[in-house]
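# Reading the structure
Listed below are the residues making up each chain.
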Amino acid sequence: MKILIYILLLIPISFLAQEPKKLEPKLENISWISGNWKGEAFGGITEENWSTPSGGSMMATFKLINNNKVSFYEIEIIRQLENTLILQLKHFHNDLKGWETKDETVDFPLKYITKDKVVFEGMSFEKVNDKEMNVYVDMHEKDGTTKIIKFNYTK
């Protein structure tokens, strides 16, 4: 009888401890990222515009505005790559001269997707609700440490 009570007490605890269900690595499962997002970071105003999935990819532009001037831009894509997704981006100065070399991209391989989250190595997107999301970016400091920067966006 004591064993049965013990087992019954453990069932709710194990149910609560379950990880969120992981979804297939398909663009349709992250289409909630689409839209015009605005927020604040790096002491300025940020804006990201994500397209809906089409042609095997999603595309975005990003800009940071400080003191009414663009500090830098990014072009980002999330594309289907065999049986997974990859996020790739390129940075540009405010005069559109690239940070990376001509053929170089900054790549973030997919780790996993859940209903409200997509996690890449070094960057993740979290759906708060239909009008709000958080983006977390790993920033590598000069001293070798990594700092996670949170971008809170609203549509």
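Residues numbered from 1 in each chain as written. Predicted model: local features only at pLDDT ≥ 70, side-chain atom pairs only at ≥ 80, totals over all residues. Heavy atoms only, no water.

## Regarding the environment of E74
- Along the chain, E74 turns up in strand β4 (residues 69-81).
- According to the relative accessible area criterion, E74 is buried, its value standing at 12%.
- Beyond its immediate chain neighbours, meaning those up to four positions away, E74 contacts A60, T61, F62, L89, K90 and H91.
- Side-chain polar atoms of E74 contact the side chain of H91, separated by 3.1 Å. (Helix = DSSP H or I, 4+ residues; strand = E, 2+ residues; numbered from the N terminus. Buried < 20%, exposed > 50% of the residue type's maximum accessible area, 1.4 Å probe, protein only. Contact = heavy atoms within 4.5 Å. Polar contact = N/O pair within 3.5 Å; in protein donor to acceptor, adjacent residues only side chain to side chain.)

## Structural notes on the pattern of salt bridges
- One pass over the structure, following the stated rule, counts five salt bridges.
- Ionic pairing is found between K26 and E24, a salt bridge with its closest N-O pair at 3.8 Å.
- For D130, the salt bridge is made with K127, and the minimal N-O distance between the two is 3.1 Å.
- We classify K127 as partly exposed; its relative accessible area is 25%. (Salt bridge = Lys/Arg side-chain N within 4 Å of Asp/Glu carboxyl O.)

## Some words on the nonpolar core
- Core analysis: the biggest nonpolar cluster contains 29 residues, and I30, I33, I78, V118, F120 and F125 have the highest contact counts within it.
- Ranked by residue count, the leading element in this core is strand β3 (residues 57-66), at four residues.
- For F125, the contacting residues outside a window of four places in its chain are W32, I33, E48, W50, L87, D116, K117, V118, F120, M133, N134 and V135. (Core = buried A, V, L, I, M, F, W, Y, C linked by side-chain atoms within 4.5 Å.)

## Quick notes on the environment of G98
- Structurally, G98 is set in the loop between β5 (84-93) and β6 (106-114).
- Sequence-wise, G98 and E74 are 24 residues apart; in three dimensions their C-alpha atoms are separated by 9.3 Å.
- Ignoring sequence-local partners within four residues, the contact set of G98 consists of H91, F92 and H93.

## Notes on the packing of aromatic side chains
- Under the defined criterion, the tally for this structure stands at seven aromatic pairs.
- Ring plane angle 70° and centroid distance 5.6 Å describe the contact between F42 and F151, whose orientation is recorded as edge-to-face. Separated by 109 residues along the polypeptide, F42 in the loop between β1 (35-41) and β2 (44-50) and F151 in strand β10 (residues 146-154) bring together distant segments of the chain.
- What makes F42 partly exposed here is its relative accessible area of 38%.
- Relative accessible area serves as the criterion here: at 6%, F151 is assigned to the buried category.
- With centroids separated by 5.5 Å and ring planes inclined at 35°, the aromatic side chains of F62 and F72 adopt a geometry described as tilted. Of this pair, F62 sits in strand β3 while F72 sits in strand β4, and the two are 10 residues apart along the sequence.
- The exposure class of F62 is buried, given its relative accessible area of 4%.
- You can call F72 buried: its relative accessible area is 11%.
- Three or more aromatic residues joined by ring pairs form one cluster here, namely F42, F62, F72, W99, F151 and Y153.
- K22 extends its terminal NZ or CZ atom over the ring of Y112, reaching a point 4.9 Å from the ring centre. (Phe/Tyr/Trp six-rings, centres within 6.5 Å; stacked < 30°, edge-to-face > 60°. Lys NZ or Arg CZ within 6 Å of the ring centre and 35° of its normal.)

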